[in-house]
Every structure is written in structure tokens, then in C-alpha cells.
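Chain by chain, the residues run as shown.
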Amino acid sequence: MAECVIAFLREKLTSFLNEENELLGGVDEKVEDMRAELERMAAFLVAAEAQEVTDPRLKVLVKQVRDVAYDTEDVLHEVIPLRTGRYRGKVRLCGFVHGVYLHISNLKARHQLASEIQSIKSRVTSLERYQRYRFPLSISEQGPNRGTVHWSKDPNPVGIEAPKHQLIKWLVEGDSGVKTLSVVGPAGIGKTTLVREVYDDATVKKHFYNHAWLTVSQPFDLDELMKDMLQTLCSGMRAQVPQGIEVTKTSGLKRKISEVLQQQRYVLVFDNVRNIDAWEGIKSVLPNNSYSRVMLTTCFSHIASTSSMETEGNIYTMKPLYQEDSWTLFCKKAFRGSYCPRYLEEVSQRILKRCCGLPLAIVAIAGLLATKNQSRIEEWEMLHRCLGVELEGNDNLECLRKIFAYSYYDLPYHLKLCLLYLSIFPEDYTIERMRLLRLWIAEGFVQGRAEMTLEEVAEGYLNDLVDKNLLHVPEKTEDGRLQTCQVHNLWGELISFKSQEHEMVTVARGRDTLWPKKVRHLAVHDSLESLPESKYFNRLRSVLIFGRIGSLHQSLRSLLSSGKLIKVLDFRGAPWESIPEEVFELHHLKYLSMRETKLKKLPKSIGKLQNLETLDLKGTYVTQLPLEITRLHKLRHLLVYRYKILVGYISYDSVGGFKAPPTVGGLHCLQKLSYIEADHIGGGTSDIMVRKVGCLTQLRKLNIVRLRRGHGTALCSSLENLTNLRSLNITSIEQDEILDLDHPLSSAPRYLQRLYLTGPLEHVPIWVASLNSLVRVVLRWSQLDHDPLYSLQALPCLEELHLLRAYKGDRLCFKAGGFERLKILWLITLEGLRWVVMEQGAVLCLQKMYYQNCKLVDKLPSGIQHLTNLGLLHLTDMPDQLITSLENREEGGGYAELAHIGDVWTENYRGGSWTGHWIK
């Protein structure tokens, strides 16, 4: 965490010293001293945050050093306005008198800067009694101090019969050779318990000659692991441990293990593998016997994938306990195997919900409740209300703290910072992927890497947290991309506590809010009547509002006036029709969201926010942007659109966009532009706006609406320049206006992954067939006379295809060898369609097929029996004849085509509502 702050500081200090030659005498020397001091602070804080600090004296020192680092960053933020062109520009424009006034103001600001630097220097000097960030008990002497989570066998574990059966089957069946079975899941979910049950099972003991259970040490030491392995194997065989293993080198240890295991069936368990180097070391030790198995437990998905792929093994992903099993385990521990009294059921269920199906959490918290007086409901209510406090301070829950510590202190500095920031969201809040990435970037948590955008780096951070099972993914797109994420409820409590410890996030929860002396990141979760005095907010960096804000509007305006360092404002859902004027004086602002507010107009003052990177006006009533928007040269994401009332896929014009000024082409940093109107400038047939889009060469996502036929040539010309494009969405102005896109491109956007075309087409554009990166294609209202499959079948990466009123013919044919990676197919309102033919060898990877409102289709696709991977056939509003035929044949067991399909679902709209049922 500190390293991220320090990286920012180094950058700003260097820029400050190189460019600011007009500073008052002596200030630059003081800033240079600060830089050297910051290097020492950085080394100290990075070491401190790599492990858990328990010594109270050392905790005080860490806090003081962190405060100085934060305040130094604040001072440097105040430097920025002094060296931007803002003051100099005003001197030229405002005349001599006003220029003198500004010059004097500038001198005062520089004097203030010098004073604040001196103050920080004094605070650093006061820390020198700790011998330059050393201490009688140093960080390194403390050691990791993560403790060991001791495993104790439960004689009657709950909810493991099915996974136990599956793992035993994988162990004792299958091909010869060494295979790895990886059990992966978040900390506390019961991986060790499950694998121990499998390891101790009589079937497994009988099947393998050699057995060994090894817990992988942290940090990983291969030689120590091999010594433990030899001792365990020899003990199990009742053989003598080879002499001299304590001094044997790595190659000798490997040779001895190979001698013990050679030509023997063995099963080895490696519990708690936490890095890929550990797996590589383990793999290097294993002899390739005729039939042997290795089991790993790990929190990290990439370790499970790598180990199983390299040995053609299996992965078992642990899931939280079902509600019924969770309740059984809870009652078993909280009530000593008895039933829960009725008067405690409601509060017990609420407590259980916060355990998120994690067995370790259920056992620990239920065990704590077992010590409570069952006749005092208020004690149980207090535990539910104050679970975060109990987690941090109650010895009965130490195992949960240790589990969290293992996960947290293993994280690199940048992921710690991103993880703690998640405490800004309410409990059980579903976090949108792109919103989170943009927030991390705006807050300065994401550090640039060569050849990567900040968004790509941030997505890597998010994937790392998911891979380590610190975040839950409740929703993915059809093509498997992460769409939303959540913090595991219980870990959210510990993350919030750690965030408070670092004075990072302050959560306002009504009258009970505890306000720190300095609020840096403010999240309003519940209605507030007022805010404390402004001195609390002079170091404020961000404000995010969730839910109702009550009568907070005026207090918030006062807060904005004092928070000159604010970089993030997220007012999503606030009942405001305008943006507070104070916002436009926040010159550090990088992220502004008015999503789903009642905002009707964006004022010209928006041009003052020249550091703005994200402007989110989705779901507002804004339909036109002022000319001043083009002053925002750092703008990366511009979202201005609203969804209109629609029913499924029935509405053609479902999204309303915005009118942009003709100078929009000057926003050269734009990566996302949604949804710009093509016909706004120069009258209906003018292609000025479409040509301007071609200047935005950094665009990753372009959504353009109201396209006319006459715009086609210009748009195709612009697409040649958009070489970074990943997603393209084009909609014609009217349902009968041709999308004239069939023009050859000298260079099509080769990285384009998602293509959405809405409007009549004479042909599928010729350049589409060259888009080898396409993963998803959606054709809506295309009304093609020719089978569109011919133009799309050779796309090598296509996984998802939607055809909605896209074809007027009566027959679609999927040719053998075509659509080799297609997994999802939607056929919607194809009014002339009667037959779908799937030749043998076509769409072999198809997993889901959706038929919707194709009124002339009365038979399943010819050749559907060849689709052995088809898991779901979904029929919506299809002819009764087809549904009846399926139901009758399924009941009679006579429909061979359905035998291999996992599920068949049908639904129809009748009497004003949808009704559906499973056929199979």
C-alpha cells in the first residue's frame, strides 16, 4: 500500500523539481530532502505491511510514518495547481491588475507550501528517536507472525459426501501415470477437511501402497518438504529413514525419494499450496510411476489449473455449504447437537447468513454462540450487530483472523490497497467490474506498465483477487467474462476493520458514525442529517453515495468546498437535477458519476475539470453535451445514454444517445464512447460526426446510434483508424434505414471482439470475415435475404451468435467444420425460418441453444443429435406443435435426439404473464 503512495510521490517530486524553476528560494531543496526521506519511509512501510505487526509500540510507529506519507502526498497534490498553466493563462487573459492579484496569490500559496513542507520535516525529525525507522524490536525480528491454523478432525463432517465420492472415484479410476487432483476454494471452505476424509478412506488406503500427507510450509522450502516427505513415507512403510538426510543436498533428496516411490502406487497430499514455485518444486520430485496420484489443496485457481493441466488431472472447485447443511452444522456446534429454540431461529439465521456457507466460519461463530446464554437474545443480537469487532478481538475467533492473515499478508502491496478499498461498498453489494476498475484508476492505485492501458492493468489486479478467492463472482457474461463481483460477507468485516486501522475508508451510517480526525475516502451508506465540521474533510479524496442521502445536500456542498483534493465523486442514484457548483472547482477530480440521477443538462463549467478521466451520465436525461466538454483532454470514458422502455428484444430503438459537439475528435484519450448520435452535425446526410470519430484512435469501445445510409462510407473509413477497438455497436436511425457498411477496409480492427449491428443489411459486411478476434456477433433487424452463416462460419474465435430478425429465409445451414468454437446460439423472431440443419461436424462445441418466437419452426434442428456438448435447449414462445411433440415423445422415451441434451426448458407468454416448465 505504501509503495503505491511512494510511487506517486516520486513521480510528482521529480516533475516538481524539473519543471518548477520559479519556486521561492529554498523550497525546492526542502522538497529534495523530502524525496530522500520518503525513500526511507517507503522501505519501512513496505516491510511493515508484508506481515502482521503485533507489538503495540511498533504499531504506533507504523501509524505515524503512514500518516506522514499520506500528508506528504496531500502537500504534493496542492503543488499541482501552482505548476499547471492555469495561473499563467489567466494573467494573459485577465489584464495587468488581475494578473498582479493572481501573482500575489501564487506567492502566498508558495509560502504556504514551504510552511507545510517544513511542518512535515519537523514531524519526520520527531521520529528520529526511533533511529531512522528502526526499533528495539525490528520488523524483521518479529517474523511473519501469521500463526498456524491447526486442523482437527471432525468425526461427522457435514455436506461432503458427494464431493468425497467424486474425489475417490478420480483417485482410484482412470488411466495410468501420475495425475494431480486439485481441490480449490477460498480459505475456510473446508478443503483440508474434505481431502483428509478422502485420504483416510479405507478404499484409498487399500488402493495405494504408499501414502503421505504434507503441509506446505510458508515460505516454501523444497528441501524441508522433501525431508518431511521422506520421513512420512518411511514411517508409513515402517522402514528406516535414510541416514544423513538433514545434510543431504537437493539432488540427493530427490534421488532418495525416487528410490522409495519407484515402481510403487502412491498417493501424496500437499496441503495449502500457495504459489506456483511450490508446485514446480513438488512436480520435480515426483517419479513417473505406472499409477499414482497427487492431491493439492489451494486457494489459487491458477495453481489448480496449471497442476492439473500438466498432468492431465482433475480440478474440484469447492462450493459453500447449502443452506440446509449450513443450518445443520450451525445447530450442531451452537446447540451441542440439539435443536435451535424457536425464539432464536430468526437471529441465528441472520448470523448464519453472514458466514456465507464457509464451514470454518460457521464452526467458529457457532462455537462462540455456544458460550452465550440462550435465554438472553440481546447477546445474540449484539454478536450479529458487532461481528466485525468480535472477529478482531475475540480469542474464540482467532482461527478466522489467521485464515484472513494468510490471504492478506501474502498479497503484494498494490493488491492490499485495492482490497481494502472494497470496504467502501455496502455489505452484500454487487460491484460492477468496470466501475471498480475506473475507481481504482482514479484513486491512483493502478500503476502503469509498458504496452498496457491502465484499464488492462487494473483488470489484472481484479483477476488476481478473484484467482486468490478473495472475491466472489456472482455474475459472468455468456462468454465467460467477469461482469460483477462481491466481497465474501465475513471477509468484508475483516477488510473493513483493516481499512479502519489504516484510516483509509470512513463509512457514514447515520448517527452512529465514528468520524476520524482525517476523512480520506467517504462512503455514505445510510441517510445522514448532517456532516461534521469541514476541518475533517480538508484531506478528502473521494465521496461515494449509496442509497438515500436524506437532508445531506447542503452539508455535502459545504464538504465539497473544503475538499480541494477530491479525485472521485460518485453520486449514483442521488435525487438531484443538477451538479453542485462546488464540483467544478475540484481541479484534481478524475471521476464523476451522476448515473441514474435526474440530471437534465451538463453545464459549460464542466470544461474546468481538466483532469477528469471518467464522466458517467448513464441513465440521466442529458441528451446534448456542451462545446466545453472538448477541453477535457484526459477524458478516457464518456458514458451518456439511457435505456428506453422495452420488452426483451422487441424494441428496435432501445437506447437513447447524445449529441456531441463537432470538436469531439479532439478527445484523443477516449477509450469508451457511448452512445454518440451520428446524424447530429450538418443535417441528416452529413457525415462530419462519423469522420470525427475516426480521430479517436485510442477507442476500445464505440457505441454509435442514428446512423444513416449515407454515413456508411465515412464510418468504414473511420474504422480503419480505430486499431485498438474491442467492441463496436452500430444502430441505424430507423428500422428501415439501410446500414451501408459493405465497403472494403484496408485495415479492419484486428482486436475487435464484440460486434453489434442493428438495422437492415444488404450483405454481412465483407470485412467481418477478417475479424479473427471476434468472440460475439449480434445481428438485429438485419433482414438479410442470404444466409448470414456463410459469412461467419470461418471466424476462428466466435463463441456467441445472436440472430434477431436478421434473416428472411426459411432455412439455416450450419456446415460441417464451421463455427468450431461456437458455444451459445440465439435464434430470435426469424419469421420465415422453418428448418435448421446442423451437418455432422458443425458447431461441435455448442453448449446452449435458444429458440425464441420462431413461429414456423415445428421441428428440432436436423442433426441436433451430433451436438454432444449441448447442455441446454431453451424454447421461448415457440409453436405449440413443437412443444407438444417434445413433451409426448419425452414421456414415451421415444425422442432419441433429446437423449444427450442436459436440460430442455420451454416458456410461453399467456394471459399477460410468462409460464414455463422443464421438459427434460
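Residues numbered from 1 in each chain as written. Predicted model: local features only at pLDDT ≥ 70, side-chain atom pairs only at ≥ 80, totals over all residues. Heavy atoms only, no water.

- The protein carries the name Disease resistance protein RPM1 in an unreviewed UniProt entry, which gives Escallonia herrerae as its organism.
- In its Sequence similarities (unreviewed entry) section, the UniProt entry covering the protein states "Belongs to the disease resistance NB-LRR family." (UniProt positions renumbered as here; feature names shortened; annotations may be inferred.)

**Digging into the packing of aromatic side chains**
Here comes step 1: A full pass over the atoms with the stated rule returns 18 aromatic pairs.
Here comes step 2: Between Trp905 and Trp918, the ring centres sit 4.8 Å apart and the planes meet at 65 degrees, which makes this aromatic pair edge-to-face. Taken as a pair, Trp905 in strand E29 (residues 903-910) and Trp918 in strand E30 (residues 913-918) lie far apart in primary sequence, 13 residues in all.
Here comes step 3: Members of the aromatic cluster, each reached through a chain of ring pairs, are Trp327, Phe330, Phe335 and Trp380.
Here comes step 4: The positively charged end of Lys416 is found above the aromatic ring belonging to Tyr408, 5.7 Å away from the centroid. (Phe/Tyr/Trp six-rings, centres within 6.5 Å; stacked < 30°, edge-to-face > 60°. Helix = DSSP H or I, 4+ residues; strand = E, 2+ residues; numbered from the N terminus. Lys NZ or Arg CZ within 6 Å of the ring centre and 35° of its normal.)

**What about the environment of Arg541?**
Here comes step 1: For Arg541, the location among the structural elements is in the loop between strand E10 (521-526) and strand E11 (542-545).
Here comes step 2: Each C-alpha atom of the pair Arg541 and Leu569 lies 8.9 Å from the other, and the pair is 28 residues apart in sequence.
Here comes step 3: Ignoring sequence-local partners within four residues, the contact set of Arg541 consists of Tyr70, Glu73, Asp74, Glu443, Arg520, His521, Leu565, Ile566, Lys567 and Val568. (Contact = heavy atoms within 4.5 Å.)

**Comments concerning the packing of helix H13 (residues 323-334) against helix H15 (residues 359-369)**
Here comes step 1: At their nearest, the axes of H13 and H15 sit 8 Å apart, and the two run at 35 degrees to each other. Read as a crossing pair, H13 and H15 show a hand that is right-handed. Touching Ser326, Leu329, Phe330, Lys333 and Ala334 of H13 are Pro359, Ile362, Val363, Ala366, Gly367 and Leu369, all from H15. (Axes fitted to C-alpha atoms, helices over the stretch in contact; angles between N-to-C directions. Left-handed = near helix turned anticlockwise from the far one by under 90°.)

**Focus on the sheet that holds strand E6 (residues 431-432)**
Here comes step 1: Ordered by their spatial adjacency, three strands build an open sheet running E6-E8-E7, and the pairing between neighbours is antiparallel. Among the strands making up the open sheet, the edge pair consists of E6 and strand E7 (471-476).
Here comes step 2: Judged from the two bridges that link them, E6 and strand E8 (residues 482-487) form a sheet pairing that is antiparallel. Looking at E8, one finds that Glu432 is bridged to Thr484. (Pairing = 2+ DSSP bridges.)

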